[in-house]
Amino acid sequence: MSNLHSLSHYWPELILTATILIGIIADLFYKPKDSGKTMYWIFGGLALTAFAVKLLSDSPAAILFMGTLAHDPFAWFFKMLIVLGTVIVLLMSGKSSELKNQSVGEYYVLIGIMVFGMFLMVSSIDMIMVYLAIEIVSLMSFILAGYLKNDKSSNEASLKYVIYGGFSSGIMLYGFSILFGLTGTTKLYEIGPALATLDGTANFAIMISAIFILAGFGYKISAVPFHFWTPDVYEGSPTPVTAYLSVAPKAAGFALLIRFFSAVFGTGENVAAGIIPVSSALPWPQILAILAVMTMTLGNLVAIQQESVKRMLAYSSIAHAGYMLMGLPMLSADGISAVMVYLVMYLFMNLGAFFIVMVVQAKMGGDSFSDFSGLGWEMPLLGVAMTLFMFSLTGIPPTAGFIGKYYLFAAVIQAGPSFYWLAFAGAVNSVISLYYYIRVIRQMYLEGERSETIQVPAFMTSLIILVLAIPTLVFGVYWAPIADWVSSSMVFAIPSM
Amino acid sequence: MADAAFWLMALLTVASAVVVVHHDKLLYSAIALLFTFFGVAGLYIFLWADFLAAVQVVIYVGGILVLVIFGIMLTNKITTVNISHTSMQRGAGGLLVAFVLGSLGLMITKTPWLVQHAAEPDQTVATIGRLLMMDYLLPFEVASLLLLGALIGAATLSRREE
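Just so we're clear, the structure is a prediction, and the values are computed from it rather than from any experiment. (Residues numbered from 1 in each chain as written. Chains lettered and ligands numbered in written order. Predicted model: local features only at pLDDT ≥ 70, side-chain atom pairs only at ≥ 80, totals over all residues. Heavy atoms only, no water.)

1. Comments concerning the overall build of chain B
Broken down by element type, chain B carries six helices and zero strands. Taken from the N to the C terminus, the helices and strands of chain B come in the order α-α-α-α-α-α. What you see for chain B is a C-alpha radius of gyration of 20 Å, clearly larger than the 15 Å of a compact globule of 162 residues, by over 25%. Burial statistics for chain B: of 162 residues in total, 21% are counted as buried. Working note: accessible area of chain B is about 11,500 Å², and carbon and sulfur atoms make up 73% of it. Measuring between centres, the 7 positive side-chain charges of chain B sit 17 Å from its 9 negative side-chain charges. (Helix = DSSP H or I, 4+ residues; strand = E, 2+ residues; numbered from the N terminus. Rg over C-alpha atoms; globule rule 2.2 N^0.38 Å. Buried < 20%, exposed > 50% of the residue type's maximum accessible area, 1.4 Å probe, protein only. Areas by Shrake-Rupley, 256 points an atom, 1.4 Å probe, with all protein chains shown as cover. Lys, Arg positive; Asp, Glu negative; His and termini not counted. Charge placed at Lys NZ, Arg CZ, Asp CG, Glu CD.)

2. Brief notes about the pattern of salt bridges
Tallied over the full model, the rule gives 11 salt bridges over all chains. Where Glu-106 of chain A meets Arg-159 of chain B, a salt bridge forms, and the shortest distance between an N and an O atom there is 2.9 Å. You can see Glu-106 of chain A sitting in helix H5 (residues 105–123) and its partner Arg-159 of chain B sitting in the segment after helix H6 (137–158), one on each of two chains. Measuring nitrogen to oxygen at the nearest pair gives 2.7 Å for the salt bridge that ties Lys-160 of chain A to Asp-232 of chain A. Remark: Asp-232 of chain A occurs in helix H10 (residues 230–236) and Lys-160 of chain A occurs in helix H7 (residues 152–183); sequence separation between them is 72 residues. (Salt bridge = Lys/Arg side-chain N within 4 Å of Asp/Glu carboxyl O.)

3. Points about the interface of chain B and chain A
In this complex, chain B contributes 31 residues to the contact, which on the side of chain A involves 47 residues. Summing the contributions of chain B and of chain A, the shared interface buries around 3,200 Å²; its carbon and sulfur component is 75%. Seen at the junction of chain B and chain A, the total is one salt bridge. At the junction of chain B with chain A, the criterion picks out seven residue pairs in polar contact (both at pLDDT 80 or more). Of all elements in the fold, only helix H4 (90–110) and H6 of chain B reach the threshold of two or more residues within the side of chain B that touches chain A. Broken down by element, the side of chain B that touches chain A gets its largest block of residues, 14 residues, from H6 of chain B. (Contact = heavy atoms within 4.5 Å. Buried area = accessible area lost by both parts, 1.4 Å probe. Polar contact = N/O pair within 3.5 Å; in protein donor to acceptor, adjacent residues only side chain to side chain.)

4. So, the confidence of the model for chain A
Residues and elements named next belong to chain A. For chain A, the average pLDDT comes to 89, and 96% of its residues sit at 70 or higher. No element of chain A has a lower mean pLDDT than helix H8 (residues 188–196), which averages 83, and none a higher one than H5, which averages 95. Low pLDDT, under 50, characterises residues 270–275; the stretch is placed with 14 contacts to residues that sit more than four places away or in other chains. (pLDDT = per-residue confidence, 0-100.)

5. Describing the nonpolar core
Counting residues in each nonpolar core, the largest one holds 191 residues, and the members touching the most others are Phe-78, Phe-217, Phe-260, Phe-265 and Phe-372 of chain A. Examining the composition of this core, we find that 23 residues originate from one element, helix H14 (residues 333–364) of chain A, more than from any other. Counting six residues, the second-largest nonpolar core is a separate cluster that includes Phe-37, Leu-65, Ile-69 and Ile-72 of chain B. (Core = buried A, V, L, I, M, F, W, Y, C linked by side-chain atoms within 4.5 Å.)

6. Section: the packing of aromatic side chains
Scanning the entire structure with this criterion turns up 26 aromatic pairs over all chains. Ring geometry for Phe-6 of chain B versus Trp-7 of chain B: centroids 5.3 Å apart, planes at 75 degrees, classification edge-to-face. Accessibility expressed as a relative area gives 58% for Trp-7 of chain B, which makes it exposed. An aromatic cluster is defined as three or more aromatic residues linked by ring pairs; in this entry it consists of Phe-74, Phe-77, Phe-78, Trp-485 and Phe-492 of chain A. Against the face of Phe-369 of chain A rests Arg-439 of chain A, its NZ or CZ located 3.9 Å from the ring centre. Lying across the ring of Trp-377 of chain A, Arg-450 of chain A places its NZ or CZ 4.1 Å from the centre. (Phe/Tyr/Trp six-rings, centres within 6.5 Å; stacked < 30°, edge-to-face > 60°. Lys NZ or Arg CZ within 6 Å of the ring centre and 35° of its normal.)

Listed below in structure tokens is the structure:
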């Protein structure tokens, strides 16, 4: 579609851009102590954006801006997911004690720009656009991670993030340049067919470019061995930012990974039709399966040793990236929809866990396991909700996490006996993870003094907890809406050649 | 002749880049960066990207590098700071580098790259302009939002919190 015609399909992003600009201007009129009010503008803009995405989802899938963006249900799914995650994180940020003494107008504006970047990430089908989208998201994350200027660990988080981010972007770009050198085009859906016409002598270059590009994407979803930034960044960042980084950019990263690899290294046919045909130059299933197992095993084994709950959750989010990667090696529509279901479930339970950590931090001044002692008796709502989130992250029924894992394991097992070992590794890992998740629950109920008086958290805090806890429980029992939503989103816009 | 010039240019780029990374004094590194930027501009000329080469010199050498040097000179005590490049695990690192370089070298020599025997273009500016306003209009516009975010972020991080 030509540039001008594309605009009529581009309302969500246009609204988002207007929101960002309005946010910047509105912030100028607030006194520093009132700068938190910028949030309402961004909040309203995001609501309108979600509404626009919803309205546009009646239109047929299309290719926008001369083959730069895909406008399809797959992108809409992730856009809605990202807006949902962002809205919850905005609410969390409003309650954050770490951000209270800062002027936070820019904080909300930067989150708005990051949403824009993620919207591009989930819909780009051109290498230049992919790179720009990743850069927008990364740059904004660097700044958000270092937002607590007086906090040494926040500074460290930001700096480490910049160095790792710059390095992995560079490697990814080198991979892109190899693809361009082989095919002479930047359009993902032209690269696939062009690669298919090359003979075997090009396989080595294809493999190197795939590994380099995987390094860039793996960094975004914090897959092992590209995860080294994750623990320090997650620990040092303000907690709402940590929660955000662990959910939204990760979802966008998975969307990009799926679209990029099925377009470039598959044959570019519709994924929803079933198995993705993959150019046989590379042992894709093996590479992805090994990546998945490494990621979840390392995440879980290191999470056990942590003394800080926030850092433990950082490693646990690496482990969850590993579980989700488990859905990809089969290269089947089932596997991809399992990843999408898991991302929805993961959004609620992970944001919930981080939110409780945030509340405990504000109350106790720390986030180590000992700060959780007796919490279950003192603040029953927090205790029960945290127990629910921990069970859900482990994958125990009847919670959302169980349904997510169920879909993933079902997809792996359906792919045949050659993948049984992957399912086995996933199951062993889930058992390992039980240890450190249960440890939080034990700390809350069995350690420390049993408080006689009950504290009720503030209204807004309780509301956010309920907004996150109820879906975690309900989707564990009644998940049909999610499954329907995912299965109707498995449509990819493919440009006609 | 052209080959010799190319290799000279490539050597200049890589060698000065090594100095950038390895020199102890920040200012020397910044000056070495000047040669890297010039070398890259030279490589652009070999690709017939004359406009890009000029832009490279104007923006990177004339703008960014001058800014970097000013930044170094105006920052208190930064010139005397001893930047130690303590590298650990030199052996393992060297092996890894050798492996990666070997693989890349093998790839570069063995792969059937797409070679386009195009004639020298009359002008490149019009082509770039057409691409920016047609095929890559959206990335071009999106880049402005990226820069806006970077500016806001830089201002936020450097602002004094009262």
